[in-house]
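# Secondary and tertiary structure notes
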Amino acid sequence: MEHVAGRSINLALSFRGRSALARVGLEQKVIEQHGIPMYGRMIHNPDGSRRSIPYGKADQCIYSVGRRYLNETMLTEAENHPNVHLHFHHKLIHSDLKKGKMVFENNGEEVQAEADLVLGCDGAYSAVRRQMMKMPRFNYSQTYIPHGYMELCIPPTQHGQFAMEPNYLHIWPRGQFMMIALPNQDKSWTVTLFMPFDVFDSLTNPDCLLDFFRVHYRDAIPLIGEEKLIKDFFSNRASSLVSIKCSPYHSSKGLIMGDAAHAMVPFYGQGMNAGFEDCLLLDELMTKHHMDLDRVLPEYTELRNPDAEAICDLAMYNYVEMRDLVNSRTFLLRKMLDNLLHAFFPNSWMPLYGMVSFSRVRYHRAIEHKRRQDKIVRSTVMALVAALAGGAAYLLQRGDLWRTAADTVHAQARQALAGLGL
Ligand SMILES: Cc1cc2nc3c(=O)[nH]c(=O)nc-3n(C[C@H](O)[C@H](O)[C@H](O)COP(=O)(O)OP(=O)(O)OC[C@H]3O[C@@H](n4cnc5c(N)ncnc54)[C@H](O)[C@@H]3O)c2cc1C
């Protein structure tokens, strides 16, 4: 499969991205022709054993989709519209977002263009955003995390099959770092190694690398193949991961969307999904305000900014969940409780992952709901602890035997509280 350097080969597509594709009639095509459903996480323990954690209800899944297929499908659809003109290899070098004027560089030549609205969808290092940064009162912050990523590959088996269970996102959580794998349509896996740059730097020769894999990712060695692992690792370089927040997203004739407005670390699998949802919001506002940009653009910033910043924060949080928390009983207990409560109260109790990946609940509202749910769980557990402690105190008065029993109950209640992360 062709690989575009610096871009992940495949992506997890979830509800928000699907909703945007549905709006332009591409959802079924993308999912049916190019999507591989993943119903949960498959955790690989250091001893080689595996266990699965479902994402939600049995039929809820996200899809692994090849970036190239997705791009091709969307470009082909765009080509079908006579009012869409595609110009490749044009690099934006200057823009005047008050006048809607742009200057591109193409094969050493300067090309001028003018538009009623310049949509800057030019990624984390956006040239359009750079122009906006010259505006007064434009807020901007960026954070590089100390971890980088490198993509490796598990090829198909000799019989041309998937080397692991295909309908999962496979994770090797190892505390301070992790490895994940998403399935590709050609039955290979794109494996992504996430770890601090100093760990990457410490793996200076094939022996070091193999020793490291033998300790942390033993079961992955035969799947990747020793030779291939060494070749791919030393011919690649770890890439950095940046999270960007800024505001506003608009000027009089310019709007930034996608990573240009809110690049995030990739751990919630939401960067592209959030970018697609940006398009839905713009479309909704264009309809609402009859394409009156003076009303559309400020409202776009106002509505989108709290959500974009929320998903940037959630993406940071999910790295800890993926690389570490999935191993803890606390996390599993809370996940079970959330799923149980969701089964009983589907409209009022939604697990965070479900709100983010299987709904269009606004990202910042998802965080608010989660905080409220945490509070309810905390109060319930506290009430239970108080009741148990009261009961234990009563029994205590009745002798040593009961004292021991009360102590045990108390200790277990405290453990339960800690277990729920409260
Ligand atoms: C390792 C990794 C894994 C990821 N996994 C997922 C996932 O599973 N699910 C998910 O939803 N998201 C994922 N993401 C995030 C996702 O890749 C991005 O959010 C998404 O690609 C952003 O799309 P975009 O169009 O805004 O920007 P980009 O994809 O960066 O595209 C920007 C485009 O603008 C062009 N451009 C840049 N500068 C200029 C210029 N000056 N002139 C003209 N053109 C220019 C670039 O060539 C590029 O074509 C992942 C990211 C990484 C790094």
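Keep in mind the model is a prediction, meaning the values are calculated, not measured.

## A short note on the overall build of the protein chain
Counting secondary structure elements, the protein chain contains 15 helices and 16 strands. Burial analysis of the protein chain (422 residues in total) assigns 47% to the buried set. In the protein chain, once contacts between residues fewer than 6 apart in sequence are set aside, the share between residues at least 24 apart is 69%.

## Section: the domain arrangement of the protein chain
Domain annotation for the protein chain reports domain 1 (87–312) and domain 2 (328–422). Averaged C-alpha coordinates put domain 1 and domain 2 at centres separated by 36 Å. At the interface, 13 residues of domain 1 touch nine residues of domain 2. Taken together, both faces of the contact between domain 1 and domain 2 bury some 1000 Å²; the carbon and sulfur share is 50%.

## Some details on the sheet that holds strand E2 (residues 35–38)
Strand order across the open sheet formed by three strands is E1-E5-E2, with antiparallel pairing between neighbours. Strands with a single pairing partner mark the edges of an open sheet, and in this sheet they are strand E1 (10–13) and E2. Geometrically, the sheet is characterised by an average inter-axis angle of 30° between neighbouring strands, direction not taken into account. As judged from the four bridges shared by E2 and strand E5 (residues 62–66), these two strands associate in the antiparallel manner. Opposite Pro-37, over in E5, you have Tyr-63 as the bridge partner.

## A look at the pairing of strand E12 (residues 178–183)
Burial of E12 is extensive: six of the six residues sit out of reach of the surface. Judged by which residues are buried, E12 turns out to be covered on both faces: Met-178, Ile-180 and Leu-182 on one side and Met-179, Ala-181 and Pro-183 on the other are all buried. Note that strand E11 (residues 169–173) and E12 share four bridges and pair antiparallel. Paired with Ile-171 across the strands is Ile-180, a residue of E12.

## Regarding the site of the ligand
Near the ligand, the surroundings consist of 21 residues, among which Ala-12, Arg-67, Leu-92, Asp-259 and Met-272 are the closest. Within the backbone of Ala-12, a nitrogen or oxygen atom sits 2.7 Å from an oxygen atom of the ligand. A distance of 2.7 Å separates an oxygen atom of the ligand from a polar side-chain atom of Arg-67. Only E1, strand E6 (91–96) and helix H10 (271–288) provide two or more residues apiece to the shell around the ligand. Considering every element that reaches the shell around the ligand, the biggest residue donor is H10, with three residues. Classifying every residue of the shell around the ligand gives eight nonpolar, eight polar and five charged.

## Re helix H3 (residues 67–79)
Over its 13 residues, H3 extends 18 Å from the first C-alpha to the last, a length consistent with the 18 Å expected when each residue adds 1.5 Å. All buried positions along H3 are accounted for by Leu-70, Thr-73 and Ala-78. Viewed along the axis of H3, the buried residues span an arc of 135°, placing them on a single side of the element. Those residues of H3 hidden inside the fold are in contact with E1, helix H1 (15–23), helix H2 (27–34), E5 and H10.

## Structural notes on the environment of Leu-241
You can see Leu-241 is positioned in strand E14 (residues 239–247). Apart from residues lying up to four places away in sequence, Leu-241 is in contact with Thr-143, Tyr-144, Ile-145, His-147, Gly-148, Tyr-149, Phe-194, Val-265, Pro-266 and Phe-267.

## Things to note about the side chain of Thr-192
By secondary structure assignment, the location of Thr-192 is in strand E13 (residues 189–196). What Thr-192 contacts, discounting residues up to four positions off in sequence, is Tyr-149, Met-150, Glu-151, Met-178, Met-179 and Ile-180.

## Description of the sheet that holds strand E16 (residues 254–256)
If you trace the three strands from one edge of the open sheet to the other, you get E9-E16-E15, paired in mixed fashion. At either end of the open sheet lies a strand with only one pairing partner, and these are strand E9 (118–120) and strand E15 (250–251). Where E15 meets E16, two bridges bridge the pair, whose relative direction is antiparallel. Bridged to Ser-251 within E16 is Gly-254.

Criteria and thresholds
Throughout, residues of each chain are indexed from 1 in the direction in which the sequence is written. Totals for whole chains, interfaces and linings use every residue, but because this is a predicted model, local features are given only for residues with pLDDT of at least 70 and side-chain atom pairs only at 80 or more, for both listing and counting. To get the side-chain values, take all heavy atoms of the structure and skip hydrogens and water. The helix count covers DSSP runs of H or I at least four residues long, the strand count covers runs of E at least two residues long, and both are numbered beginning at the N terminus. Using a 1.4 Å probe on the protein chains alone, a residue whose accessible area is under 20% of its type maximum counts as buried, one over 50% counts as exposed, and one in between counts as partly exposed. Should any heavy atoms of two residues lie within 4.5 Å, those residues are considered in contact. Each domain's limits were defined by an automated method or a database of domain assignments. Buried area is calculated as the accessible area (1.4 Å probe) missing from two parts once they are joined, with the contributions of both summed. A pair of strands is labelled paired if DSSP reports no fewer than 2 bridges between them. Throughout, an axis means a line fitted to C-alpha atoms (over the contacting stretch in the case of helices), and angles, computed between N-to-C directions, take values from 0 to 180 degrees. We call a residue near a molecule or strand as soon as one heavy atom of that residue lies within 4 Å of the molecule or strand. Definition of a polar contact: a pair of N or O atoms within 3.5 Å, with one able to donate and the other able to accept a hydrogen when the atoms are protein atoms, and with sequence-neighbouring residues admitted only if both atoms are side-chain atoms. Lys, Arg, Asp and Glu make up the charged group, whereas Ala, Val, Leu, Ile, Met, Phe, Trp, Tyr, Cys and Pro make up the nonpolar group; the residues left over, Gly among them, are polar. Under the convention used throughout, the expected extent of a helix is 1.5 Å for every residue step, that is, one less than its residue count. In this context, the arc is that of the directions from the helix axis out to the C-beta atoms.

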